[in-house]
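This is what each chain is made of:
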Amino acid sequence: MENSDKTFSSIHILSSILSLGIILFLTFPLSAQNTEKRLEAKYTTEPITLDGNLDEASWQDAESTDSFWQFFPTDSMQAKHQTYVKIIYDDNALYVGIHADAPNGNYVVSTLKRDFGGTTNDNVSLMFDTFSDGTNAFAFGVTPYGVRREILVSMGGAASEGFNATWDIKWKAEAQRFDDHYTVEVAIPFTSLKFREGADTWRFRAYRWNLQTNEQSTWARVPQNQLLSNLAFMGELKFEKPLGSSRRPIAVIPYINGLAQKDFEGDGTGNAFTFGGDAKVQIGNGMNLDLTVNPDFSNVEVDDIFTNLTRFELRLPEKRQFFIDNNDLFDNFGNSFNEARPFFSRRIGLARDTAGNLVQNQILGGARLSGKVNDDWRLGVLNIQTAEDLGNEIPSYNNMMFALQRKVFSRSNIGAFFVNRETFGDYEFLDSTKRFNRIIGADYNLASADGVWSGKFYAHKSFQPGDSKGNFSGQGTITYNTRYWTYIHDWVYIDQDFRADLGFVPRTDILKSGNGLTRTFYPKKGTLSYHSARLLSIVYWKPSQDFLKTDHTFQVSWEANFKNQSILQTSVSNNQIFLYFPFDPSRSG
């Protein structure tokens, strides 16, 4: 009877979450995306010398963007220091010419390293939504010194988590600096992009950080309550003649490693020789096939260093190139606040030894097919085999995920997936309940055309040997974001038996309710750009213990954003954590 009651409660909670999602899905307006601005890209046969000087005849004939609008410190006036962008193209590449006015030649640049931070350097960024879905885009940024960064944009550009700077492709940029402006010339090969064959329009926007004057500006206007990178606010790039097919050459990256060592005290020697490699093959105009055999990740950028003072595991970003393209198609299923994601690619290649420590687990090989099938559908299939490590009692696992996503309305989408992690070997040390773990589920991601409404609604269920009842995870969250008011309401349920061996689930057996209300004020005079007051309420219950309240956070806060980009914050919080075990912080006994 207890299990039946628990299952009934789980289903009731999930049905309530899904009902709210279905109501919003059926009643949400079919409005068009924001594409008021328009720029024509001229076709050219003239060779372009990439030197940062816009002196070729093609640049003189090209159409220029009109005035940029301020985003900060206000969003109601044109930029004081204007930026002008021109785009031309030939059969092989897209060329972008930029002229950026400046008060003087003292440009602010914090680093000369590639993939610089956009908020700490003078720069102009370019976003190309090549499939015009308002969800994914390619972004490129250049500083006055010609330093470059490239980014994959997902989640509609409405969250910082949707920026992936680990993505790397081939493109070039050169810059020239002057006392009152700088110019940039950019060349992006069409082989580095994906787009629909015969396309004659893309959605496009350029924006700029001018740290000399603390001004942020954008070609297509963006309300200050939204992120500057939000893909809801774009212009249209019109090509003079339709583009051909998206074509990317096959890329093969082999490696050979040799190791020789000698212990002079113990008189021992050792030799090792390994080889492997990766390959990337384009399928059609929007799909990638990634292949790997015995991969070597020694060239991967190291993780940022964090000091974790929380009770839970941190979710660090994926930086291995094999997993980067279309990573959002696999990793973005599940909870918006990282409380239950069914798939987390960094689990592959790591395992725990007999002492519970994380150790490297060799990847034998794998394949990954992902990308756009057409304008509305995206597909992802992944299969990777890891090696056994008998010394550390780690079995060989096959790791598989299938994901399918369908665009609905202007920028929303529905997705379904299946995850399977299974070992086919017979290991005496392996607990029978760990032989496999499977998860099925569906997500609805809401994003309105004007960026005012966003949300996520999902229902997932896990299966493992001898355990198929309950095991639910679900969420329903909705955000209303206007110039003056922002409100977010969130419900999360994770059953105590929900398991995601390839996922990220810091804790189970929770029911969470979250509410946040923010009121923003925009002074007409003074040193403040804007200031806001916020109320926040987050409460957790434990369903398996008669919904015992285990955690809560109640907070009142105020934040002031000054025109010189300084920020002043103050808050008062009341926090509660239910301790299941005695704890003496003084250690006095």
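Everything quoted here is computed from the prediction, not taken from an experiment.

Colleague: Would you explain the layout of surface pockets in this entry?
Modeller: It is a probe the size of a water molecule, rolled over the atoms, that shows where empty space is left. Reported here for the second largest pocket is a volume of approximately 940 Å³. Contributing to the lining of the second largest pocket are 30 residues, with L350, A351, R352, L358 and R421 lying nearest its centre. The element best represented in the lining of the second largest pocket is strand β17 (residues 350–352), accounting for three residues. In terms of residue class, the lining of the second largest pocket is made up of 15 nonpolar, five polar and ten charged.

Colleague: I keep staring at the packing of aromatic side chains and nothing clicks. Help me out?
Modeller: For the structure on display, the rule yields 25 aromatic pairs. Ring centres 5.7 Å apart and planes at 45° place the aromatic pair F204 and W219 in the tilted group. In this pair, F204 sits in strand β11 (residues 201–210) while W219 sits in the loop between β12 (215–218) and β13 (235–239), placing the two residues 15 residues apart along the sequence. W219 matches F204 in its accessibility class, with the two residues each being buried. Between the aromatic rings of Y522 and Y530, the centroid separation amounts to 6.0 Å while the plane-to-plane angle is 45°, which identifies the pairing as tilted. Taking the relative accessible area as the measure of exposure, Y522 reaches 18% and is therefore buried. Directly above the aromatic system of F472 lies the positively charged group of K461, at a separation of 4.9 Å from the ring centroid.

Colleague: What is the right way to read the pattern of salt bridges from this model?
Modeller: Oppositely charged side chains can pair when the atoms bearing their charge come close. Under the criterion given, the structure shown has 29 salt bridges. The shortest N-O distance in the salt bridge between R378 and D328 comes to 2.9 Å. Placement of the pair is R378 in strand β20 (residues 377–386) and D328 in helix α3 (residues 327–331), with a sequence separation of 50 residues. Each member of the pair, R378 together with D328, is buried. Two residues, D551 and R507, come together in a salt bridge whose shortest N-O distance is 3.4 Å. Placement of D551 in strand β29 (residues 548–562) and of R507 in the loop between β26 (485–494) and β27 (510–521) is noted, with a sequence separation of 44 residues between them.

Colleague: Explanation requested: the pairing of strand β22 (residues 412–422) in the structure shown.
Modeller: A regular strand places its side chains so that they alternate between the two faces of the sheet. When you tally the buried positions in β22, you get eight out of eleven residues, the bulk of the element. One ladder, built from eleven bridges, connects strand β21 (residues 398–408) with β22; its direction is antiparallel. Bridge assignment links M401 to a residue of β22, and that residue is V419. Hairpin connection from β21 to β22: three residues lie between these consecutive antiparallel strands, with F409 at a positive phi of about 55°. Inspection of the sheet shows β22 paired to strand β23 (residues 436–447) by ten bridges, in the antiparallel sense. Residue pairing for β23: I414 is matched across the bridge by Y444.

Reading guide: rules and limits
- Residues numbered from 1 in each chain as written.
- Predicted model: local features only at pLDDT ≥ 70, side-chain atom pairs only at ≥ 80, totals over all residues.
- Heavy atoms only, no water.
- 1 Å grid on protein atoms, 1.4 Å probe; cavity = no way out; pocket = protein on both sides within 12 Å on 5 of 7 lines; lining within 4 Å.
- Points joined across faces, edges and corners; volume = space filled by probe spheres on them.
- Helix = DSSP H or I, 4+ residues; strand = E, 2+ residues; numbered from the N terminus.
- Nonpolar A, V, L, I, M, F, W, Y, C, P; charged D, E, K, R; others polar.
- Phe/Tyr/Trp six-rings, centres within 6.5 Å; stacked < 30°, edge-to-face > 60°.
- Buried < 20%, exposed > 50% of the residue type's maximum accessible area, 1.4 Å probe, protein only.
- Lys NZ or Arg CZ within 6 Å of the ring centre and 35° of its normal.
- Salt bridge = Lys/Arg side-chain N within 4 Å of Asp/Glu carboxyl O.
- Pairing = 2+ DSSP bridges.

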